Each structure stands twice: as C-alpha cells, then as structure tokens.
Amino acid sequence: EVHLVESGGGLVQPGGSLRLSCVVSGFTFSTYWMHWVRQGPGKGLVGVARINIDGTYTNYAESVKGRFTVSRDDAKNTLYLQMNSLRVDDTAVYYCVRGSNMFRGVDYWGQGALVTVSS
Amino acid sequence: DVVMTQTPLSSPVTLGQPASISCRSSQSLVDSDGNTYLSWFQQRPGQPPRLLIYKISNRFSGVPDRFSGSGAGTDFTLKISRVEPEDVGIYYCLQSTLFPHTFGQGTKLEIK
C-alpha cells in the first residue's frame, strides 16, 4: 500500500525558514517524479514544486521561485521542501504527492503538513 | 498559465440523484502525444485529495463506477450517477498537459 507521510510543519515568523520532509513507502520511490502541492486556509490547490526521478530537474511556482528548494534522497525514500524567506501568504497545508507513472499527472497524496507563517 | 474554471461552485444534491460538475480550460488540453491530461479529485472534509479520474474518463483504482468523466479539448464533465452520503466534499479538476499544472477552484458537493 502506498503511503506518504509529511513532517516538519509548524509556526514560523515571517522571513524564517522551515524544512518539510516526506517519507514514502509501498512503492519504488526512485522511479517516480514527486510534487509538493499546497492549500491555503479555506482555499484551493496550488502546485508548488516538482522534481524528476534522479533529482536533476526541478520546477517551481512563480510565487516560490528563489525561496523554496525541492530535493530528494532516494536512499532514505524521502522528499524534502526547504522553505526560506517565508511570507504570511505561504501559510498552508503542504501535501507531498506522487507523480503517476501511468499518465502525466499525480495520483497518491500524503495527509499534509500545516505551515503557519505569523508574527 | 492555463486557467481552469469549474461550475457550479456549489452543488446541493439529493441522495440517490445524479450530480454533474463542469470544468473548462482556457486553452486546449490535447497534448502533442494525442492524450488529454485532465484529472478529477475528491477532497472529503479534513482529508487530502483523492484521485478519481485521469485522462478525462479513466477511473482510478478503487473508484466506484458511479463516477464517470467525459469531455474533450477544453470542456470536461464529472458525473456521479447516484449521490451517496460519502460523496460530500469538494471536487477539483487538474490539467497536467501544460506546465505549470493547474487546478480548478473547486466545486462543493453537499446534500440537500
């Protein structure tokens, strides 16, 4: 069974940093693209970042470019999101999401990690 | 970026009756490989999204057959043949043909 478990969320002041981790199980992590998607309070879903199979290619939403970095450690079955220079509007639940190998898109989602940016 | 517009934003339905949600894209979602990468997700209260439909009309593993998807080009529809209590939640369409991938704003399905 596919599992994705995020950790590392919490309360941080504007301008601060936080690193999210996502440990996966139930599939061969190294053979899948991975994504981070966020959902602001009472809002919809927005793709934040994605990373390819060997970590050599990444994409970011314009709103986080230059501040967020996605990476992966295939030996640890773990996806990361380093978030720097955090702003109040980065407050959201951050989901770790698996890219599908059957079609271009995403399939399985973690439960999410809440990041609150506030003074 | 491709803008995905869902209608309605809220849909009160009677249990056992059908429901339909529309999703329209600001440009064609047909890829150069001939596929159309349009998916539908269900988000129950307090839960992460769950994939229901991919490539317009393919049901994902474990999804009941009362859910179906249709459409082409820029216009797509998710249908629930007979709404059940566990179908309450917010439904999102997602286009993955063009980067950045973009979601619709969501349609809230609630029971009358």
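What counts and what doesn't
- Residues numbered from 1 in each chain as written.
- Chains lettered and ligands numbered in written order.
- Predicted model: local features only at pLDDT ≥ 70, side-chain atom pairs only at ≥ 80, totals over all residues.
- Heavy atoms only, no water.
- Core = buried A, V, L, I, M, F, W, Y, C linked by side-chain atoms within 4.5 Å.
- Buried < 20%, exposed > 50% of the residue type's maximum accessible area, 1.4 Å probe, protein only.
- Salt bridge = Lys/Arg side-chain N within 4 Å of Asp/Glu carboxyl O.
- Helix = DSSP H or I, 4+ residues; strand = E, 2+ residues; numbered from the N terminus.
- Contact = heavy atoms within 4.5 Å.
- Buried area = accessible area lost by both parts, 1.4 Å probe.
- Polar contact = N/O pair within 3.5 Å; in protein donor to acceptor, adjacent residues only side chain to side chain.
- Nonpolar A, V, L, I, M, F, W, Y, C, P; charged D, E, K, R; others polar.
- Pairing = 2+ DSSP bridges.
- Axes fitted to C-alpha atoms, helices over the stretch in contact; angles between N-to-C directions.

Trp109(A), Leu38(B), Trp40(B) and Tyr91(B) are the most contacted members of the largest nonpolar core, which totals 36 residues. By size, the runner-up hydrophobic cluster in this structure holds 30 residues, among which are Leu4(A), Met34(A), Trp36(A) and Phe68(A).

So, about the pattern of salt bridges. If you walk through the whole model with that rule in mind, you get 12 salt bridges over all chains. As a salt-bridge pair, Glu62(A) and Lys65(A) come within 2.6 Å of each other at their nearest N and O atoms. Taking the relative accessible area as the measure of exposure, Glu62(A) reaches 62% and is therefore exposed. Residue classification places Lys65(A) among the partly exposed positions, given a relative accessible area of 45%. The partner of Asp75(B) in a salt bridge is Arg24(B), and the shortest N-O contact between them spans 2.4 Å. Taken as a pair, Asp75(B) in strand 8 (residues 75-80) and Arg24(B) in strand 3 (residues 19-25) lie far apart in primary sequence, 51 residues in all. Residue Asp75(B) is classed as partly exposed on the basis of its relative accessible area of 30%. In this structure, a network of salt bridges that share partners links the residues Arg66(B), Glu84(B), Glu86(B) and Asp87(B).

A word on the interface of chain B and chain A. The interface of chain B with chain A comprises 20 residues on the first partner and 22 residues on the second. Around 1,700 Å² of area is buried between chain B and chain A when both sides are counted, 64% of it from carbon and sulfur atoms. Our count for the chain B to chain A interface comes out at 2 salt bridges. Where Asp33(B) meets Arg104(A), a salt bridge forms, and the shortest distance between an N and an O atom there is 3.9 Å. Between the two partners, chain B and chain A, sit 5 residue pairs in polar contact (both at pLDDT 80 or more). Elements supplying a minimum of two residues to the side of chain B that touches chain A: strand 4 (38-43), strand 5 (50-54) and strand 9 (89-95) of chain B. Each residue belonging to the side of chain B that touches chain A can be placed in one class, and the counts come to 11 nonpolar, 6 polar and 3 charged.

Our next topic: the sheet that holds strand 1 (residues 3-7) of chain A. Residues and elements named next belong to chain A. Within the open sheet, the 4 strands sit side by side as 1-3-8-7. Their pairing is antiparallel. With one partner strand each, in any of the chains shown, strand 1 and strand 7 (68-73) form the two edges of the open sheet. Between one strand axis and the next, the sheet turns through 15 degrees on average, direction left out of account. Two elements, strand 1 and strand 3 (residues 18-25), share 5 bridges in a ladder whose sense is antiparallel.

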